[in-house]
Amino acid sequence: MDVVSTEKAPKALGPYSQAIKAGGFVWCSGQIPIDPAVGAVTATTIEGQTRQAIANLKQVLEAAGAGLDRVVKTTVFIKDMNDFAALNAVYAEMFGATKPARSCVEVARLPKDVKLEIEAVAAL
């Protein structure tokens, strides 16, 4: 088991790792749309926040030796299911031809009151 860490994605907000490599997979903690360049949430729309969260996830995956094309499963936590279609449009664009299995759950609240959080498991 190896801890994955990169300065190109936001630091963990609590006592957890950005990702763990184990058993031929990388298990990524949820990424929220913090812009790592400024250390704050800068996007206000669901589209912008989705784009930033996936960009953060991509950086963690690349630090582990994988990429978005290796993701086998994601879980999306969304604050408002009314944003589902807009989230899907950006998600489909960023994942391209490789569409991982996915769950999407509406939740009451997320860290920093963001609109979504995305976690992933990828094959190495």
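In what follows, the structure referred to is the one given above.
Scoring rules and cut-offs
Residues numbered from 1 in each chain as written. Predicted model: local features only at pLDDT ≥ 70, side-chain atom pairs only at ≥ 80, totals over all residues. Heavy atoms only, no water. Helix = DSSP H or I, 4+ residues; strand = E, 2+ residues; numbered from the N terminus. Expected span 1.5 Å × (residues − 1). Buried < 20%, exposed > 50% of the residue type's maximum accessible area, 1.4 Å probe, protein only. Arc of directions from axis to C-beta. Contact = heavy atoms within 4.5 Å. Pairing = 2+ DSSP bridges. Right-handed = clockwise from strand over helix to strand, strands pointing away. Phe/Tyr/Trp six-rings, centres within 6.5 Å; stacked < 30°, edge-to-face > 60°.

> A description of helix H2 (residues 84–95) should follow, citing residues and the corresponding values.
Under the 1.5 Å per step criterion, the end-to-end length of H2 is 16 Å for twelve residues, consistent within 8% with the ideal 16 Å. For H2, every residue scored as buried is listed here: Ala86, Leu87, Val90, Tyr91 and Phe95. Projected down its long axis, H2 carries its buried residues within an arc of 150°, all on one side. In H2, the exposed positions angled more than 90 degrees off the buried face are occupied by Ala85 and Glu93. Contact partners of the buried residues in H2: helix H1 (46–63), strand S6 (71–78), strand S7 (101–106) and strand S8 (116–123). Glycine 96 sits one or two residues past H2 and shows a positive phi near 65°.

> Describe the pairing of S7, naming the residues involved and giving the relevant values.
Sheet topology note: the S6/S7 ladder contains six bridges and is parallel. Pairing of isoleucine 78 across the sheet is with glutamate 106, part of S7. The β-α-β motif built from S6, the intervening H2 and the parallel element S7 has right-handed crossover chirality.

> Tell me about unusual backbone geometry, and name the residues and values.
Even without being glycine, lysine 112 reaches a positive phi, approximately 60°. The residue lysine 112 is located in the loop between S7 and S8 in this model. With relative accessibility at 54%, the residue lysine 112 sits in the exposed group. For aspartate 113, which is not glycine, the phi dihedral falls at a positive 55°. Note that aspartate 113 resides in the loop between S7 and S8. Overall, aspartate 113 belongs to the partly exposed group, its relative accessible area being 41%.

> Which residues make up the packing of aromatic side chains, and what values go with them?
Under the counting rule described, the total for this entry stands at two aromatic pairs. With a centroid separation of 6.1 Å and an interplanar angle of 55°, the aromatic rings of phenylalanine 25 and tryptophan 27 are classed as tilted. Residue phenylalanine 25 is classed as partly exposed on the basis of its relative accessible area of 30%. Overall, the relative accessible area of 46% leaves tryptophan 27 in the partly exposed class. Ring geometry for tyrosine 91 versus phenylalanine 95: centroids 4.5 Å apart, planes at 35°, classification tilted. Of this pair, tyrosine 91 and phenylalanine 95 both sit in helix H2, four residues apart, roughly one helical turn.

All quantities given are derived from atomic positions and should not be read as evidence of function.
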